[in-house]
Amino acid sequence: MIAAVLLILMAFIAYSLLQQSKVRNVVFITIKGETISMSSLKGKVVLVNFWATDCKSCVAEMPDLIKTYYQYQPRGFEIIAVAMPYDPPAQVVNFATKKALPFPVIHDSYAEITQKFGDVKLTPTAYIYNKDGKRIQRAIGALNFNKLHALLEEELR
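Just so it is clear, the model here is predicted, and its values are computed rather than measured.

## Focus: the overall build of the chain
Item 1. Regarding its fold elements, the chain presents five helices and seven strands.
Item 2. Looking at the chain as a whole, 41% of its 157 residues are labelled buried.
Item 3. For the chain, the share of sequence-separated contacts (at least 6 apart) that also reach a separation of at least 24 residues comes to 69%.
Item 4. As displayed, the chain offers around 9000 Å² of accessible surface, 58% of which is attributable to carbon and sulfur atoms.

What follows is the structure in C-alpha cells.
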C-alpha cells in the first residue's frame, strides 16, 4: 500500500515538473507578430489568461483585467491573453482592437499553448506565475479580483 502511494506521488511530481518545464519553454506570438517567451518574463509576476470571444465570463472580466494591468504593470506585472484555438482569428483581432486591450494577445491557432499548459479546455482559465517563473495559482472560471489584487500586492513587494 505504501509503495503504491509513493509511486503515485512520484508520478505526480514527475508530471508537475514536466508541465513546469513545458511552460518555461513556451513562446507566444502575438496577433501583432511580436514574440514573447515565458523565460523572458522571469522577474515579473505573470498571469496567462485563456479566454474566448464567445465566453461571457471572459468578456465580462476584460475591463477588470485591463484595470489590473494598468495598476500593476509598472510594478512588474504582465498579462498574456491567449485566445482559444476554436476562436476565429479575425474575431480575436477585432475584439482586441475594439476593446483596446493593452496587454499581449495571442491566438493559439494550433492548440500548442493550450497543450503546454495542461490541455486547457475551459474558459476563462488563468495561471499565475511568480517572479521566479513558478506557478503559484490556477483559477478556472471568473477571477476574483480582490484576491488577485491581494496576491499581486504580496508578490510585487
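After that view, the rundown keeps rolling.
## What to know about the sheet that holds strand E3 (residues 45–51)
Working definition: the strands of a sheet are paired by backbone hydrogen bonds and lie parallel or antiparallel to each other.
Item 1. Strand order in the open sheet formed by five strands is E5-E4-E3-E6-E7, and the pairing between neighbours is mixed. Each having just a single partner strand, strand E5 (105–107) and strand E7 (135–140) make up the two edges of the open sheet. In this sheet, adjacent strand axes meet at a mean angle of 15° when their direction is disregarded.
Item 2. In the sheet, strand E4 (residues 77–83) pairs with E5 via three bridges, with the strands oriented parallel. Looking across to E5, one finds that Ala-83 is bridged to His-107.

## Topic: the side chain of Glu-61
Item 1. Here Glu-61 lies in helix H2 (residues 56–72).
Item 2. Notably, Glu-61 is buried but unbridged: the nearest opposite-charge side chain belongs to Lys-67, and the N-O separation is 13 Å.
Item 3. Setting aside its immediate chain neighbours within four residues, Glu-61 contacts Asn-49, Pro-124, Ala-142, Leu-143 and Phe-145.

## Quick look at H2
Item 1. Taking 1.5 Å per residue as the helical rise, H2 with its 17 residues ought to reach 24 Å, and the 25 Å between its terminal C-alpha atoms agrees with that figure.
Item 2. Along its length, H2 reaches its greatest deviation from straightness, about 40°, at Met-62, and the proline Pro-63 lies no more than four positions downstream.
Item 3. Among all positions of H2, only Cys-58, Glu-61, Met-62, Leu-65, Ile-66, Thr-68, Tyr-69 and Tyr-72 are buried.

## Observations concerning unusual backbone geometry
Item 1. Going from Thr-123 to Pro-124, the amide bond is cis rather than trans, its omega being -5°.
Item 2. The topology assignment puts Pro-124 in the loop between helix H4 (112–116) and strand E6 (125–129).
Item 3. Despite not being glycine, Ala-100 has its phi angle at roughly 50°, a positive value.
Item 4. Despite not being glycine, Asp-119 has its phi angle at roughly 65°, a positive value.
Item 5. When you line up the elements, Asp-119 lands in the loop between H4 and E6.
Item 6. Accessibility expressed as a relative area gives 32% for Asp-119, which makes it partly exposed.

## Structural notes on the pairing of E4
Item 1. Counting buried positions along E4 gives seven out of seven residues, so the element sits mostly inside the fold.
Item 2. Note: E3 against E4, seven bridges, orientation parallel. Note that in E4 the partner of Leu-47 across the bridge is Ile-79.
Item 3. In the classification by handedness, the crossover that spans E3, the intervening H2 and the parallel E4 is right-handed.

## Looking at the packing of aromatic side chains
The geometry of two aromatic rings is summed up by the distance between their centres and the angle between their planes.
Item 1. This structure, assessed with the given rule, holds eight aromatic pairs.
Item 2. Seen in terms of ring centroids, Phe-50 and Phe-117 are 5.3 Å apart; in terms of plane orientation they differ by 65°. Their pairing is edge-to-face. Pair noted here: Phe-50 is in strand E3 and Phe-117 is in the loop between H4 and E6, with a separation of 67 residues, a long-range link.
Item 3. Looking at Phe-50, the relative accessible area reads 0%, which means it is buried.
Item 4. Where Tyr-69 meets Tyr-70, the ring centres are 6.0 Å apart and the plane angle is 65°; that geometry is what we call edge-to-face.
Item 5. Among the residues examined, Tyr-69 registers a relative accessible area of 9% and is labelled buried.
Item 6. Among the aromatic residues, those joined into a cluster by ring pairs are Phe-50, Phe-117, Tyr-127 and Tyr-129.

Rules and cut-offs
- Residues numbered from 1 in each chain as written.
- Predicted model: local features only at pLDDT ≥ 70, side-chain atom pairs only at ≥ 80, totals over all residues.
- Heavy atoms only, no water.
- Helix = DSSP H or I, 4+ residues; strand = E, 2+ residues; numbered from the N terminus.
- Buried < 20%, exposed > 50% of the residue type's maximum accessible area, 1.4 Å probe, protein only.
- Contact = heavy atoms within 4.5 Å.
- Areas by Shrake-Rupley, 256 points an atom, 1.4 Å probe, with all protein chains shown as cover.
- Pairing = 2+ DSSP bridges.
- Axes fitted to C-alpha atoms, helices over the stretch in contact; angles between N-to-C directions.
- Lys, Arg positive; Asp, Glu negative; His and termini not counted.
- Salt bridge = Lys/Arg side-chain N within 4 Å of Asp/Glu carboxyl O.
- Expected span 1.5 Å × (residues − 1).
- Bend = angle between axes of the 7 residues up to and from the residue.
- Right-handed = clockwise from strand over helix to strand, strands pointing away.
- Phe/Tyr/Trp six-rings, centres within 6.5 Å; stacked < 30°, edge-to-face > 60°.

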